[in-house]
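Architecture at a glance
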Amino acid sequence: MHTASLGRRALLLAASFAFLAYVLAPIAWLVSSSFQSESEITSKPPHWVPHHPTIENFAAIFTAKDRVVTYATRKDGDPATGGFIPSTAKYLLPSMRNSFIVAFAVVVLNLLVSIPAAYAMAKIRFIGRSTSIYFMLATRVIPDIALVVPFFLVIRKLGLLDNLLSLVITYLAITVPFSVFVLLSYFESLPDELDKAARVDGCSRLQTLIRVFLPLAVPSLVAVVLFTFLTSWNEFLLALMFTQTPVSQTMPVIVASFTSDFTISFSFINAAGVLAIIPPVILAIMFERYIVSGLTAGAVKG
Amino acid sequence: MNVQLRAARRSVSYPVSAYDQKTALLLLSPMLAVLAVIAVFPVLYAFWISLFDLKLTRPHRVPFVWFNNYVQVFHDQMFWDSVTRTASFTVMSVTAIMAIALCMALLLNEEFRGRRFLSAVLLIPWAIPSVANALMWKWIYDSGFGALNGLLYQLGFIHKYMIWLGDPDKTLPLIANAFVWKEVPLATILLLVTMKSIPADLYSAAKVDGANLWKRFLHITLPSLKPGFALVMIYEIMMAVRHFDLFFILTEGGPADASHVLAWEVYVETFRNLSFGTGAALAYIMALVTFILAYSVIRAMGQKL
Amino acid sequence: MARIKFESVSKRYPNGFTALDDLNLDIQDKEFLVLLGPSGCGKSTTLNMIAGLEDISDGNLFFDGTVVNAVPPHQRDVAMVFQSYALYPHKSVYENIAFGLRMRKHPKDEIDQRVRDAAKRLEIEHLLERRPTQLSGGQRQRVALGRAMVRQPAVFLMDEPLSNLDAALRISTRAEIKQLHQVMQTTFVYVTHDQSEALTLADRIVVMRDGVVQQIGTPDAIYEQPHNMFVASFLGNPPINYLDGQLAVDNGAVTFRRGALSLLIPPESAGKLAAFAGREVTIGIRAEDVSEHGTPPAGQALGGRITSVLPVGSDNFLEIDVEGKQLFFRVGKEAHHKDGDNTVLTVNVNRLHVFDKQDGQSLIWQKVQA
């Protein structure tokens, strides 16, 4: 299918434009809006490209904690003066820090739990092997909603209600099955004879895992880290339920609180949105090739 | 997932060496512990709670009511309406997702310059937090200054700005659109992965047999894609049925319950009505439905290999 | 120092499949033992059991008198070369070879010394810094050999190491392996399905089929005195010719009869066969055990119609229809044959094999109870 016929090229070009337009247009508009002042953003029809680009919205976020938002300050028309920003604005940056802490902890714990389990199920013949695999597959199916009520009650009883720890534990529950799934597929695709060679060479099972299989499983490890990080960073429902105060609220919760504040500044929200999407987008683009190869077992062999 | 099922079915020879058995269980125990406590326990506990009339508004009287909560739920018209809305949302979304993802996957399956760029860009909607997605579309749909209004106005399709999210007839499709936009990348990648596993020899043989691009698509791509397509579709159905974030941020179940879907009903019942008993029952019903859907897919896929 | 003994060892799977059935085998120190048989016969299972990679359902495995059934592979002094070589893709050739020694905590200088010695012997010194993916199949095979060699193990296991090489390389590597065995003075256990490999390399051969040992013996013994039809047909290329018929005994003279064909069994074997008068038997004649010079003496004549002539460079193969059965023989190129000709060959009846038609067991060569 490599014929460089003109018709094919034209078709590909048109399709690519449609593709890019569909994917990028909303984001582009978000970014563009974030660089517009409140007065510009409320023009009809909208300015697709900012006529007077400004970074005052971002500045407002970073200086939010120094502002006192009162009725008086809100009466002014610009975020730069402290009006029109939500009262929870100053919590945005700390909440991103919370999100980061949680995501990091979940990734580390996830790897510690998933890697040995995936190796054992992939390469060791033992009694209970099929049961473990079915069990792991079954837990993938549980929707977050089902965890809400029981978890809330238990966490409340344990006094962990406003604690990042509760999020870390919960997120482990939703990310471990997926990680084990991906790692298991990948380990399975690595030749059994490598495992045998290592064991005959003098490696115990654990050493085989660490010295031979882990270095070879880098694509899937990257995919797992990425998925786990992103899931933790982006998760909203459980964070909403289990956190009460800005002390432990994560980024999605704070951002959501902006949208329910009625005297809202659109330019501010858009700037907040842009900030919120920067880390995940950077991560995703950086590790793009690992995502596909990590998901497809056997696509990449050492 | 087929790899998993094949792995599970490979027979184990007995007796297994004691060393292997011990090591395997040791390696497995963290995962088993985590999943038992965090995945199995909540499901069982949730079921237990659903048998009580637990209202946080009167925490000291918690009568055991057997399956009364479920009965109440099934008698509640709001429940059935939520189910209908969820179904309609799901049908709309999944159809759109599969159609768009298929086209995108076909495009990405071709070799051409810039394909890597497209793949990288594709990941953006998937990577962004759902709350960011929600606020982005909320801004686009804004009745006063939104881009949707602006675009249609500039193109001359409308003569004055309209209400979008606030219009009960338009609410679900608009939310569906936001949901679809975010879900398409993952569906595309999963389909693409399936496409890539179709052996190139099949296409070569077809070319020699005289099949043109369309015929090749019809007789090779589509049939080979069917199991993968079904799998992705079921996954997306599961995602659509349980989706919550957009409904919270965009419309809070409104206007006039136009977007009051099952997930929203669970939230309202649990955290606004503070009736944990019925909330748990609702969540449980939802989880059960999802589980049955998934189980039947796993069985179906299991038969296929 | 490396006597391996299998005592009634079996391997059974829960679905009933038996990979090994009651294996009894005594492997001598320093011998080159070949496990030979078709796929699924249990030879790889046996090899893996020695390494500790397969578990034993029944019976005991002894290393120098100690039971090792439960000893995991990393605690056995065994090295193995795999069919697919199983080199570590992320390590250099040097690291691949050194890995086993590192795991066993040998001192660094010793490791370096041994690796370089092995590399020198195998002529791969110039490849030490490369990765396996940059090597050809033959080179990878050498690295696999090197990795096993440096360990200087008590037992050297090889699982069809030559099957992925092309024909010419196979022959030369075979010779090198034989040499390696002389030099290393270690027990070698070698698995193959290629009978010519077995005949060239082995001190002793174990022929296996469906998990059951068919015969154990030196290459000569197995070739010349097969205990059953399976062994006889598995060794030898082209495969042995089989002909059904009957034994007739007449005043102590035993003849094989099929239609007009009558072959006289020589006196040495006749003694053993005298009791089987009238028995339905199958005789085996190897392709090289005929000649076409001169007229055959009585009782040694094999006549038939030529159905095809296949020249194979040094000789001719004749396909002959004898009493309704197609047989293959190797003859010299001097005589010129045409399809449809009738010809008479002289059978070397001293090398005739006689098997019971029903159970395929040899009526001449019996298994000697060890």
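Residues take numbers from 1 onward in each chain, read along the sequence in its written order. Whichever chain is written first is A, and whichever ligand is written first is 1; the rest continue in order. In keeping with the model being predicted, local features are shown solely for residues with a pLDDT of at least 70 and side-chain atom pairs are shown and tallied solely at 80 or more, while totals for entire chains, interfaces and linings include all residues.

This next bit is on the overall build of chain C. From N to C terminus, chain C includes nine helices and 20 strands. The principal-axis extents of the C-alpha atoms in chain C amount to approximately 75 × 45 × 35 Å. Partly exposed residues are those whose C-beta has more than 12 but fewer than 20 other C-beta atoms within 10 Å; 20 or more makes a residue buried and 12 or fewer makes it exposed, with C-beta atoms placed from the backbone. Buried positions account for 39% of the 370 residues belonging to chain C. Throughout, a pair of residues is in contact if the C-beta atoms placed from their backbones lie within 7 Å. In chain C, the proportion of contacts linking residues at least 24 apart, taken out of those at least 6 apart, comes to 66%. Under the scheme used here, helices are H or I runs from DSSP no shorter than 4 residues and strands are E runs no shorter than 2 residues, and both carry numbers assigned from the N terminus.

Take the overall build of chain B next. Along chain B, the regular secondary structure elements total 13 helices and zero strands. For chain B, the succession of helices and strands along the chain, N to C, is α-α-α-α-α-α-α-α-α-α-α-α-α. Along the first, second and third principal axes, the C-alpha atoms of chain B reach 80 × 75 × 30 Å.

Let us look at the domain arrangement of chain C. All names here are of chain C. Segmenting chain C into domains produces domain 1 (4-234) and domain 2 (241-356). Computed from C-alpha atoms alone, the centre-to-centre distance between domain 1 and domain 2 is 39 Å. Taken residue by residue, the interface counts four residues in domain 1 and four residues in domain 2. Those domain boundaries reflect an automatic or database domain assignment.

Our focus in this paragraph is the sheet that holds strand β15 (residues 290-291) of chain C. Residue and element names in this part refer to chain C. Strand pairing is assigned whenever DSSP identifies at least 2 bridges connecting the two strands. Spatially, β15-β19-β16-β17-β18 is the arrangement adopted by the five strands of the open sheet, whose pairing is antiparallel. Edge positions in the open sheet fall to β15 and β18 (325-331), since each of these has one partner strand only. Pairing of strand β16 (residues 301-311) with strand β19 (residues 342-347), which is carried by five bridges, proceeds in the antiparallel orientation. By the bridge assignment for β19, Arg 305 is matched with Asn 342.

So, on to the interface of chain B and chain A. Opposite the 78 residues of chain B that make contact, chain A presents 84 residues. Counting residues per element, the side of chain B that touches chain A draws most heavily on helix α2 (residues 18-49) of chain B, at 17 residues. Taken together, the residues of the side of chain B that touches chain A break down into 59 nonpolar, twelve polar and seven charged. Under the scheme applied here, ten amino acids are nonpolar (Ala, Val, Leu, Ile, Met, Phe, Trp, Tyr, Cys and Pro), four are charged (Asp, Glu, Lys and Arg), and all others, including Gly, are polar.

Between the N-to-C directions of two axes lies an angle of 0 to 180 degrees, each axis being a line fitted to C-alpha atoms and, for a helix, fitted only over the stretch in contact. Between helix α1 (residues 6-34) of chain A and helix α5 (residues 115-127) of chain B, the shortest axis-to-axis distance is 9 Å and the interhelical angle comes to 35°. Once α1 of chain A is placed against α5 of chain B, the crossing between them reads as left-handed. On the side of α1 of chain A, the interface is formed by Ser 16, Phe 19, Leu 20, Val 23, Leu 24 and Ile 27 of chain A, while α5 of chain B contributes Leu 118, Val 121, Leu 122, Ile 124 and Pro 125 of chain B. Here the residues of the contact of α1 of chain A with α5 of chain B sort into ten nonpolar, one polar and no charged. In this scheme, a crossing is called left-handed if the near helix is turned counterclockwise away from the far one by less than a right angle; it is called right-handed if the turn is clockwise.

The subject of this paragraph is unusual backbone geometry. Residues and elements named next belong to chain C. For the bond from Asn 237 to Pro 238, the omega torsion is 5°, close enough to zero to count as cis. Mapped onto the elements of the fold, Pro 238 is located in the loop between α8 (229-234) and β11 (241-250). For Lys 30, which is not glycine, the phi torsion reads 70° and is therefore positive. Tracing the sequence through the fold places Lys 30 in the loop between β2 (18-27) and β3 (32-36). The backbone of Glu 160 sits at a positive phi, close to 45°, despite the residue not being glycine. Looking at the element boundaries, Glu 160 is found in the loop between β7 (155-159) and α5 (167-184).

Turning our attention to the sheet that holds strand β8 (residues 187-192) of chain C. The strands making up a sheet are joined through hydrogen bonds of the backbone, oriented either antiparallel or parallel. Residue and element names in this part refer to chain C. Reading across from one edge, β6-β7-β8-β3-β9-β10 is the order of the six strands in this open sheet, with mixed pairing throughout. Edge positions in the sheet fall to β6 (78-81) and β10 (212-217), since each has one partner strand and no second. Each neighbouring strand pair of the sheet contributes to a mean axis angle of 15°, computed without reference to strand direction. Across four bridges, the pairing between β3 and strand β9 (residues 204-209) is parallel.

Next up on the list: helix α10 (residues 213-242) of chain B. Working definition for bend: take the seven residues up to and ending at a residue and the seven starting at it, fit an axis to each, and measure the angle between the axes. Bending of α10 of chain B peaks at approximately 55° at the position of Lys 226 of chain B, with proline Pro 227 of chain B no more than four residues after it. Three or more residues of α10 of chain B are buried, namely Leu 225, Gly 228, Phe 229, Val 232, Glu 236, Ile 237, Met 238, Met 239, Ala 240, Val 241 and Arg 242 of chain B.

This brings us to the pairing of β11 of chain C. Residues and elements named next belong to chain C. Relative to strand β14 (residues 280-285), β11 runs antiparallel, the two sharing six bridges. By the bridge assignment, Gly 245 is partnered in β14 with Val 281. In terms of strand pairing, β11 meets strand β12 (residues 253-258) through five bridges, oriented antiparallel. For Leu 247, the partnering residue across the bridge sits in β12 and is Phe 256.

Now for helix α9 (residues 192-200) of chain A. All names here are of chain A. With seven of nine residues buried, α9 is to be regarded as a mostly interior element. For α9, the full list of buried residues reads Leu 194, Asp 195, Lys 196, Ala 197, Ala 198, Arg 199 and Val 200. Positive backbone phi, at 115°, marks Gly 202, one or two positions downstream of α9.

We now examine the pairing of β12 of chain C. Hairpin connection from β11 of chain C to β12 of chain C: two residues lie between these consecutive antiparallel strands, with Asn 251 of chain C at a positive phi of about 60°. Counting the residues between successive antiparallel strands, the hairpin from β12 of chain C to strand β13 (residues 261-264) of chain C contains two residues, one of them, Gly 259 of chain C, with a positive phi of roughly 60°.

pLDDT expresses, on a scale from 0 to 100, how confident the predictor is about each individual residue. Put simply, chain C has an average pLDDT of 89, and 98% of its residues get 70 or more. With pTM at 0.82, the complex prediction returns an ipTM value of 0.83.

Our next topic: the environment of Asp 53 of chain B. All names here are of chain B. Mapped onto the elements, Asp 53 comes out in the loop between α2 and α3 (68-75). For Asp 53, a count of 17 C-beta atoms within 10 Å corresponds to the partly exposed category. For Asp 53 and Thr 194, which are 141 residues apart along the polypeptide, the C-alpha to C-alpha distance reads 48 Å. Among residues more than four places away in sequence, those in contact with Asp 53 are Val 62, Pro 63, Val 65, Asn 69 and Gly 277.

Summarising the element assignment, Thr 23 of chain B is placed in helix α2. With 19 C-beta atoms packed within 10 Å, Thr 23 of chain B lands in the partly exposed category. Apart from residues no more than four positions distant in its own chain, Thr 23 of chain B is found in contact with Ile 124 and Arg 205 of chain A.

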